[in-house]
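Analysis of the macromolecular model
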Amino acid sequence: MPNVKSAAKRVKVIRKRTLRNASLRSALRTYIRRFEEAMAGANREEAQLKLRRALRAIDKAVTKGILHKNTAARKKSRLTRRFNKFMAS
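The following refers to the structure shown. (Residues numbered from 1 in each chain as written. Predicted model: local features only at pLDDT ≥ 70, side-chain atom pairs only at ≥ 80, totals over all residues. Heavy atoms only, no water.)

**Brief notes about the layout of surface pockets**
What counts, and what does not: Of the two site types, the cavity is a set of points on a 1 Å grid over the protein atoms alone where a 1.4 Å probe fits but cannot get out, and the pocket is an open set with protein on both sides within 12 Å along at least five of seven lines, each lined by residues with an atom within 4 Å of a point. Grid points are joined across faces, edges and corners, and a volume is the space filled by probe spheres set on the points. Numbering of helices and strands starts at the N terminus; helices are DSSP runs of H or I of at least 4 residues and strands are runs of E of at least 2. Note on residue classes: Ala, Val, Leu, Ile, Met, Phe, Trp, Tyr, Cys and Pro are nonpolar, Asp, Glu, Lys and Arg are charged, and everything else, Gly too, is polar.
Estimated volume of the largest pocket: approximately 220 Å³. Residue lining of the largest pocket: Leu24, Ala27, Leu28, Tyr31, Arg53, Arg56, Ala57, Lys60, Ala61, Lys64 and Ile66, and that is the complete set. Of all the elements in the fold, those that place two or more residues in the lining of the largest pocket are helix 1 (5-40) and helix 2 (44-63). By residue class, the composition of the lining of the largest pocket is seven nonpolar, no polar and four charged.

**Side note on the environment of Lys64**
Spelled out, the test is: Residues count as neighbours in contact if any of their non-hydrogen atoms are within 4.5 Å of one another.
Note that Lys64 resides in the loop between helix 2 and helix 3 (69-88). Separated by 50 residues in sequence, Lys64 and Ile14 place their C-alpha atoms 15 Å apart. Here Lys64 is in contact with Arg20 and Leu24, once residues within four sequence places are set aside.

What is shown is where atoms sit, not what they do.
Okay, structure coming up:
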């Protein structure tokens, strides 16, 4: 347990941010999983909608500090490539 008042506050703040980050990261994974499920269902229009939502969630995660911008770019690129391959087939 911290001995200094400011250290005690930091513990509280970190706990709160950790919960928020975990929640946002979980939501991000859910958007990506829903996109993958739409692709598995072979519904092109739904997959396109889910892709847009997943990309938007990834961009938001960058602004909230959940993902690094290069990680986000890589994820977006991979999802888009998979979608384009799906559309071509």
